Amino acid sequence: MKFLFKQALSCSIFLLLVMLSLTSYGQQTIRGTVSNTEQVLIPGVNITIKNKLKGTTTNFEGQYQIQAQAQDTLVFTYLGYSPQAIPVGNQTQINIVLQEEENSLGDLVINAGYYRVRDRERTGNIAKVTAEEIELQPLVSPLQALQGRMAGVEISANTATPGGAPIIRIRGQNSLRKEGNYPLYIIDGVPINSVPVESNTSLGFVGVDPLSTMNLSNIKSIEVLKDADATAIYGSRGANGVILITTKTGENQKGVQARIYSGVSIIPKKLDLLNTNQYLALRKQAFINDGVEPDEFNAYDLLIWDQNRETDWQDYFLGGTANITDVNISAQGGSDQTHFRLNGAFHKQGTIYPVDLNYQKFTGGFNLNHHTKDNKFQLNLAINYGIDQNELIGDGIDFLSNAFKLPPNAPNLYLEDGSLNWTDWGEAGLAHPLEGVFNSSTIEARNLITNLNLSYKILEGLELKTNLGFTDYKSDELVKMPKRSYNPAGMPLHRSLSTDSQRQTWIAEPQLNYTKQWDKLSIQALIGSTIQENQYKNFSVEGQNYVAEALIGNLGAAEKLLNAQARNIDYRYQAVFSRIGLNWDKKYYLNLTARRDGSSRFAAANRFANFGAIGAAWIFTEEAFFTKRLNWLSFGKIRGSYGTTGNDQIPDYGYLDAYEATPGPGGLYPVGLANPKYTWEKNKKAEIALQLGFLKDKLDVGISAYRNRSSNQLVGYPLPSTTGFNNVQANLPATVENSGWEIEVSSENINNNKVRWETSFNISFPRNELIRYPGLEQSSYANIYKEGHPLNIRFLYEYEGVNPETGYYSVKDQNGDEIYDQEDKTIIQDLTREYFGGINNTISYQGISLQFLFQFVKQQGSFSDLFNAGFPQNQIAEVTHNSSSYAQVSQTLDAFLAYANVTESNFVIEDASFIRMKTINLSYSLPVKWIQSLNLNQVKFFITGQNLFTITDYKGMDPETLQGGTDFSNLRTFTGGLQLNF
Amino acid sequence: MKIKFYTHRLSIILILVMLSFLTSCQDWIEVEEPDNKLVSSEVFSSDETAQSAMQGIYNQLYRASFSEGWLGSVTVLAGLSSDNVELINTNALDLLQFEQNTIHPDNTYNRTLWSSAYNIIYMVNSLLEGLEKSTKVSPEVSQRLEGEAKFIRAFTYFYLRNLYGEVPLVVNTNYEANATIEASSILEIDEQILTDLGVTLSLLADVPNSAERTQINEFTAKALLARVHLYLENWELAEAYSSEVIAQSGNYSLPTDMNEVFLANSQEAIWQISPLGAGTGLTNTNEGSVFLINAFLPSLSYLKISENLVSSLTSDDNRRIHWVGYNEDLAIYYAHKYKIQNSTGEPIEYSMVLRLAEQYLIRAEARANQNNLQGAIIDLDKIKARAGIALLSETNPEIDQQALLKEILKERRKELFAEWGHRWLDLIRLGRAQEILLPINSDLELTDLRYPIPSEELLRNPFLNQNPGY
């Protein structure tokens, strides 16, 4: 790498000198400035001499200087502006005013991963979000900032705990395996393992977000590749879409920016639960109804506990306020050819739970780019480093379920001295609900992402590029389990659980780019290869019996080390890829992409596969026919694509028939079933789309229809236990189809000197269907999926009302065999979103800017908890207020079984659609004249609100988190801050 | 000229570098096996690693739900199903279903009971296939391991057959076939159990017993054979095999101190499972921790024994004195066979699976059924004598066959309570479950005597049928 760099650099310097000496005859120096129509000087404008390999760029003051001959023509180009060509003649001073290109739609440049393409000319489906839209959101996860902003991209936060991995689905669920649906994440050209990091903490269930160490303010843009044309070049990893994250560079800007904001988060909603009087009345009624004499075992809440105590456990557990602080400083500068950007940031977030825990993130970034004067050699180096320190409660403590289920007269959880109140809970024969509360866990993750991109123009039109990347993610996790967390009756010991994991990736991607124009035909070709290696290491050990609580975690102080487990996984990947883009007269576009992939995750015979796609576009408004007749239509394009991608997201080494060490001493045992036969999941994507611009592109409309079919489904195929295990990796002859419509509209409602108002709207109508599964009835999936239905379904009993004889809930025994089982679950409930989208408005008036985003979802959900009135747990108040809809109050086993059945029936299904004010941001910049004397370029105040309100009929906590109804993942957040640009 | 030369040279170099990437050989994606896995062929490439695979099975027996002695084990669940063991806290609804003989096919304890047994069977089958394919394991070791493994398979099927009735008979690791396997008849399962135990017997015949009683030897096989034949009412064979075990007086004897019976490698033990297999650092048995009363918070304890059982033990019975505890706070009796609830040092107790007292009771029953009443009384009195209660030869030497068989059943209850579901299996095999259990559970139906096949299994294997009544 070093060699390459030095050689390229010295060579280019040499070339430059030679060229200067060869062409010095007849040279004249031309100076000048480049500005826009508003007389603002533009730095970084490219100035080249037509038909010569020579050029320069304007400096930060918009000035340039170049040697040229009288017969030469200077060409000025800058992104978003119309190029200009000026013959030199005998001029020595050429000042240029560049005109902004009217068609803003066409000139947005989109990152397609291995190449860039103008939005106007793209043949594939790529959505883009830029820094301005997301950088002020007080979020830890960068992807969560995309919620509601892109058609076809479904994101749910999954947990309210910072650092947890969100769920992201691009155009629906392709794989029958939940863990086979992650998109490919690429940061500055380096693939990042998108699988959440394992954890033993309370984040264990959702996993730790591998992107949590990214700084949201350091992201320049996020592009999401959706269709075959865009994703096929990623071959076996493109099936679930690709997310490209580009970090900010130092180009075209200079100065220092400092930004600070802080604020608070609170719980967005409380459920209406019973108070002590209502609760106790129900409980007493239950015993009367059942004719059972309450005793200390079945009625501890009536006989042992204080009848007058009243605690609002929701307030107690979830009523806290979490503080947020974020500081971000960046500096950028450089010379004409070299630019740098430095960035440092700190983010801190507390918790709403009654424990003092913080999430903290420190990030630093360095970006350097350089090009030689002749633009032949380019270098771009990006280094991003993040440390993320997450304090969490240990796994197993469920604040949520306690908040909703503890009876309101339950005794104190703590004694006055701060220790857990074992006696009162023990007397009732209950485990203490906060057993384990003093367990603390800390996850410290360090993430280094580096990327070096070198390119060299070998010949006119021929460019050699190499992308080298290295990432190192290290996470050290320590769970401390002090004695006092546990019931002394169990004679607990001070324990600790340490888990260290490391993910390292390196990648090298050399590629050749070729561009050529023949008359009206222009061609862009690319060929490249990838070699990549991922190493994953994981070590965990339990330390037991520390002498003192203070020593927990110091493994040297543990009396015993147990359950030490080490794993290392090696994944290698190799590919060749190419792309040919053709365009005729800027009207007809054809794009061909192909990739051949090899992956170590498959047995030797099945390691390689080919993927490819074809995309085409026709800008019909370029045809004379249209320009003459439809002048209200400023832009019109039809495009379509078809191709195949794959999915290799399966565990490594699954094909090996192997033994591992048993936890007990000296033993080996088989830990799973091996299948050497499995191979890639195939995903065929087709799309057709129409893009229209009206009224000089003030109104843009994009409509796409897509159909993706995933076949050869690779799943942990569930097996009966008679096989020894519960599943095996295998390819299923099943096809899942995701199809749908996506509409994106953006409009510039007002744009005059004072006011600018823009609206963008997106809506997606996804459809998901298991279209084919020969032999489903005989397979193990017979009762999980159904042909002709979506994957996200539930089989439910048919609710028949409350049985007038018993007073219990009753569900229909469809086959009349007096047994309630799968055969009676004849109702198939679709839980897929019917449609979803967002509407975003940006209004600015002089220094004031207002941006707000509504997110909306149409879906069905279930509320299947908190209505088994009569049992010793709290209930929703509705069971008292509206008791006729609920079963007779009872505490018998039969009532419990009836309740268990009804929670599996259509009784619990309700409309869980919602409209949410996702984010709102109001900012005010002081007028420039006030601050000029202070040497400031900008002073901006801003306030931001997240999840301010949600309009929904759903009874549960959060319609985005539909797990029974008591879970939630979106806190209501308010922040305010200040930004200074020097 | 110079320019051209340099650009050419550079581009040629770079293109060559690139081509070398593009054409780099496909072997590059070959990855080494991870260092935490040992490929099956390597496991059976030496005596030592092959023995580790057998040790793995012994270890896992202490982690498999059905055999570990914790709440999901045969000991607890079948204990609850019988009239011996009861729940202290009836809020544990999944367990209550066992006590009330109303097990729902979705019951999680029932599911893990089943799946853990089949997982152990898979391990045995995998080991047997590994040995068969291997050319590197020495014949002596190979034979010994085969003998031990087949015992484990027979032992596991014994419980599956007696708890569930007709179950799939899985004897290989072919998951494709085993995913759609049908249940075998009781007859076929019994044949398989007897065949496996026969192989064990022949392969382990000349192998010396190890010091640890956690390893299978020829007498372990004979002890189980005695039980299997008793269940099959092959009285002669039951008598013959139990006699062979009892004859090993050098190896096995009944300790007079009742507190020594459940100690690690006790004189009475024919086969025990070591709690070290859990690998958690805890060295007490699960039986100790689940049956004993929590000293600090008694109400957090799980299980008690029925007053009906306690009242069947006279106050001078050593088993009443040493094996039954009473907790004042809860006013309940509990099983006190194991003494240690929580320990982390060297293990003092092992989890008992087969012991000599059962062999005497088997022989007594086999003899009584062959009308050798005197022989039966002698064996029964061995147990009574140790318990320190009146001998049948003194109190009622002229007892008739039916009364004697009833007496033997009573003695089995008193001796073997809270161990491996003996009582539940006895009541079923003798057809006396309804007569004895109806007074305490008036809803009991004949079909409740077989546990339901877990509903998940039925979902996943359409060729399995649910047991009647569920």
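Residues numbered from 1 in each chain as written. Chains lettered and ligands numbered in written order. Predicted model: local features only at pLDDT ≥ 70, side-chain atom pairs only at ≥ 80, totals over all residues.

Trainee: Could you clarify how one ought to interpret the overall build of chain A in this entry?
Mentor: If you tally the helices and strands in chain A, you get 13 helices and 49 strands. The C-alpha atoms of chain A give a radius of gyration of 31 Å, which matches the 30 Å a tight globule of 982 residues would have. Taking the principal axes of the C-alpha coordinates as reference, chain A spans close to 110 × 65 × 65 Å. Evaluated residue by residue, chain A yields a buried proportion of 46% over its 982 residues. Counted over contacts in chain A with a minimum sequence separation of 6, partners at least 24 positions apart contribute 69%. (Helix = DSSP H or I, 4+ residues; strand = E, 2+ residues; numbered from the N terminus. Rg over C-alpha atoms; globule rule 2.2 N^0.38 Å. Buried ≥ 20, exposed ≤ 12 C-beta atoms within 10 Å, placed from the backbone. Contact = placed C-beta atoms within 7 Å.)

Trainee: Sorry, what's going on with the interface of chain B and chain A here?
Mentor: It is common to give the size of an interface as the accessible area that goes away when the parts come together. Facing 76 residues of chain B, the contacting portion of chain A comprises 76 residues. For the side of chain B that touches chain A, the elements supplying multiple residues, two or more each, are helix H1 (2-23), strand S1 (38-39), helix H2 (40-43), helix H3 (47-61), helix H5 (93-99), helix H6 (108-133), helix H8 (175-178) and helix H21 (455-460) of chain B. With 11 residues, the top contributor of residues to the side of chain B that touches chain A is H1 of chain B. Across the side of chain B that touches chain A, the residue classes break down as 40 nonpolar, 28 polar and 8 charged. When strand S30 (residues 658-661) of chain A meets S1 of chain B, the two strands line up antiparallel, connected through 2 bridges. Within the sheet, the bridge partner assigned to tyrosine 659 of chain A lies in S1 of chain B and is leucine 38 of chain B. (Nonpolar A, V, L, I, M, F, W, Y, C, P; charged D, E, K, R; others polar. Pairing = 2+ DSSP bridges.)

Trainee: What is the right way to read the packing of helix H15 (residues 356-369) of chain B against helix H16 (residues 373-387) of chain B from this model?
Mentor: How two helices sit against one another is set out by the angle between their axes and by the gap between those axes. Residues and elements named next belong to chain B. Closest axis-to-axis distance for the H15/H16 pair is 8 Å, and the angle between their directions is 160 degrees. Here H15 lies roughly antiparallel to H16, going by the angle between them. Crossing geometry of H15 relative to H16 is assigned as left-handed. From H15, Ala357, Tyr360, Leu361, Arg363, Ala364, Arg367 and Ala368 reach across to H16, where they touch Leu373, Gly375, Ala376, Asp379, Leu380, Lys382 and Ile383. Partitioning the contact of H15 with H16 into residue classes produces 9 nonpolar, 1 polar and 4 charged. (Axes fitted to C-alpha atoms, helices over the stretch in contact; angles between N-to-C directions. Parallel < 35°, antiparallel > 145°, perpendicular 65-115°, else oblique. Left-handed = near helix turned anticlockwise from the far one by under 90°.)

Trainee: I'm lost on the nonpolar core in this one. Help?
Mentor: Note that soluble globular proteins tend to have their nonpolar side chains buried in a common cluster. Of all hydrophobic cores here, the largest spans 156 residues; its most connected members are Ile57, Ile120, Leu197, Leu224, Ile270 and Tyr334 of chain B. No other element matches the 11 residues that H6 of chain B contributes to this core. Beyond its immediate chain neighbours, meaning those up to four positions away, isoleucine 57 of chain B contacts Ile120, Met123, Val124, Leu127, Ala149 and Ile152 of chain B. Membership of the second largest hydrophobic core comes to 62 residues, among which are Ala322, Ala410, Ile876 and Ala898 of chain A. (Core = buried A, V, L, I, M, F, W, Y, C linked by C-beta atoms within 7 Å.)

Trainee: Can you help me understand the sheet that holds strand S14 (residues 190-192) of chain A in this one?
Mentor: Working definition: the strands of a sheet are paired by backbone hydrogen bonds and lie parallel or antiparallel to each other. Residues and elements named next belong to chain A. Across the sheet, 5 strands lie side by side as S10-S15-S16-S13-S14; this open sheet has mixed pairing. The open sheet has two edge strands with one neighbour each: strand S10 (126-130) and S14. For this sheet the average axis-to-axis angle between neighbouring strands, irrespective of direction, equals 25 degrees. By the bridge criterion, 5 bridges tie S10 to strand S15 (residues 219-225) in an arrangement that is antiparallel. Residue pairing for S15: isoleucine 126 is matched across the bridge by leucine 225.

Structural measurements only, silent on function.
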